[in-house]
Amino acid sequence: MEMNGDDSSFEQCYRCYPVTFIDKAHLENGDKIIMPPSALNRLASLHIEYPMLFQLSNESVEKTTHCGVLEFTADEGLVYLPYWMMQNMSLQEGDIVKIKNTSLVRGTFIKLQPHTQNFLDITNPKAILETALRSYSCLTTGDTIMVPYNNKKYFIDVIEAKPSSAVSIIETDCEVEFAPPLDYKEPEKPQILTPSNKRSRKVEEEEPTSKVPKFTPFTGSGKRLDGKTQTKSTEQEDTKQQQEKPTENGKEDEKLTSTTPRQKSGKLVFGSNSKTTAKETVKVDSKNIEQESSTKSDEAKFKVFTGKKYSLKG
């Protein structure tokens, strides 16, 4: 199926197959195709520019791309393409592809977008891309090229090219820019703490501490030395005794203050009211004696470890 144009153009339709069908898998690392010898005879008779560049079209889905040629050794009526190129063109094995010679301007700028972030994790991705693009003749906006490295295949989209949508990259200095990968996710922004947020956090921190019961010392039931349990009545009696003691002391202080005359401030008097002081001492001593006798009587009432003795022998 040959379509002849003017003397300076080449246009031909072929059935396409992957380059792996002729054991040339290394051609997957570039954009070179293999055409039949008849195409070389036709191109030689035309006044075309070198290097030879071609436009590939899949008219059924209206997709186009551009490529170079490596050899003219294919069977007549067939053409062999890299498989990634067939995928870009939505071509299956044995589909018809239209090939036309063309000329492209030299590229000055291309913008690429890796499919995965792993490609940018390589130590020097630009150097690897530079060596990979030596196998390419041209780039077309919208294409997805494949870059092999370290036994892995990295797919990269061509999202922009200047000065044209399709450019030649043979023997040219071209600026390369990378867009964020397709699987790139922006890091989450840290939350800015406002005064309301700070207060709520403080309340949350204080709540668990408030729920913890406070430690109250000297709590629980008391025990006596005689083995009896301390009841509420005994506790009340102890508290009454403790309350009565300071009142007795207070009465003594009042008596002492009433018997002793007040001295003038700022002076020390020796030998005055010796009789009164003697009487006071006698009074105090008598009371102390009474207290001692009361304590002795209490001691006599309570005796620990008293009773009959029993032996194990019987």
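Our structure's up above, just so we're on the same page.
Computed from a predicted model, the values in this text were never measured in an experiment. (Residues numbered from 1 in each chain as written. Predicted model: local features only at pLDDT ≥ 70, side-chain atom pairs only at ≥ 80, totals over all residues. Heavy atoms only, no water.)

With respect to the overall build of the protein chain
Alright, step 1. The number of helices and strands found in the protein chain is 6 helices and 12 strands.
Alright, step 2. At a minimum sequence separation of 6, the contacts of the protein chain that also span at least 24 residues come to 76%.
Alright, step 3. Total accessible area on the protein chain stands at roughly 23200 Å², and carbon and sulfur atoms take up 51% of it. (Helix = DSSP H or I, 4+ residues; strand = E, 2+ residues; numbered from the N terminus. Contact = heavy atoms within 4.5 Å. Areas by Shrake-Rupley, 256 points an atom, 1.4 Å probe, with all protein chains shown as cover.)

What to know about the side chain of Glu 28
Alright, step 1. Here Glu 28 shows up in the loop between strand 1 (11-18) and strand 2 (32-34).
Alright, step 2. Buried charged residue Glu 28 carries no salt bridge. Nearest counter-charge: Lys 153, at 6.2 Å.
Alright, step 3. Excluding residues within four positions of it along the chain, Glu 28 makes contact with Val 19, Thr 20, Pro 82, Tyr 83, Trp 84 and Met 146. (Buried < 20%, exposed > 50% of the residue type's maximum accessible area, 1.4 Å probe, protein only. Lys, Arg positive; Asp, Glu negative; His and termini not counted. Salt bridge = Lys/Arg side-chain N within 4 Å of Asp/Glu carboxyl O.)

Examining the pattern of salt bridges
Alright, step 1. In the structure shown here, the tally under the stated rule is 5 salt bridges.
Alright, step 2. When the shortest N-O distance is used, the salt bridge between Lys 24 and Glu 71 registers 3.6 Å. Of the two residues, Lys 24 sits in the loop between strand 1 and strand 2 while Glu 71 sits in strand 4 (residues 63-71), which places them 47 residues apart along the sequence.
Alright, step 3. Overlapping salt bridges bring together Glu 11, Glu 59 and Lys 98 as one network.

Re unusual backbone geometry
Alright, step 1. Residue Pro 163 is bonded to the preceding Lys 162 through a cis peptide linkage, with omega at 5°.
Alright, step 2. When you line up the elements, Pro 163 lands in the loop between strand 10 (152-162) and strand 11 (166-168).
Alright, step 3. Its identity as a non-glycine residue notwithstanding, Asn 150 has a phi of 55°, on the positive side.

Digging into the sheet that holds strand 7 (residues 109-114)
Alright, step 1. Here 4 strands make up an open sheet; going across it, the order is 9-10-7-12 and the pairing mixed. Because the sheet does not close on itself, it has two edges, and the strands there are strand 9 (144-149) and strand 12 (175-178). The sheet shows a mean angle of 35° between the axes of neighbouring strands, direction not considered.
Alright, step 2. With 6 bridges connecting them, strand 7 and strand 10 associate as antiparallel partners. Bridge pairing in strand 10 links Phe 109 to Lys 162. (Pairing = 2+ DSSP bridges. Axes fitted to C-alpha atoms, helices over the stretch in contact; angles between N-to-C directions.)

Some details on the packing of aromatic side chains
Alright, step 1. For the structure shown, the criterion picks out 5 aromatic pairs.
Alright, step 2. Ring centres 6.0 Å apart and planes at 50° place the aromatic pair Phe 119 and Phe 178 in the tilted group. With a gap of 59 residues between them, Phe 119 in the loop between strand 7 and helix 3 (125-132) and Phe 178 in strand 12 connect regions that are remote in the sequence.
Alright, step 3. Using a relative accessible area of 1% as the deciding quantity, one classes Phe 119 as buried. (Phe/Tyr/Trp six-rings, centres within 6.5 Å; stacked < 30°, edge-to-face > 60°.)

Some points on the pairing of strand 9
Each regular strand shows side chains that alternate between the opposite faces of the sheet.
Alright, step 1. Where strand 9 meets strand 10, 6 bridges bridge the pair, whose relative direction is antiparallel. Residue Pro 148 lies in a different strand from strand 10, and its bridge partner there is Lys 153.

Focus on the state of the cysteines
Alright, step 1. Evaluation of the coordinates by the stated rule reveals 0 disulfides.
Alright, step 2. In this structure Cys 138 is a free cysteine whose sulfur lies 6.5 Å from that of Cys 67, the closest cysteine sulfur available.
Alright, step 3. Residue Cys 138 is classed as buried on the basis of its relative accessible area of 3%. (Disulfide = S-S within 2.5 Å.)

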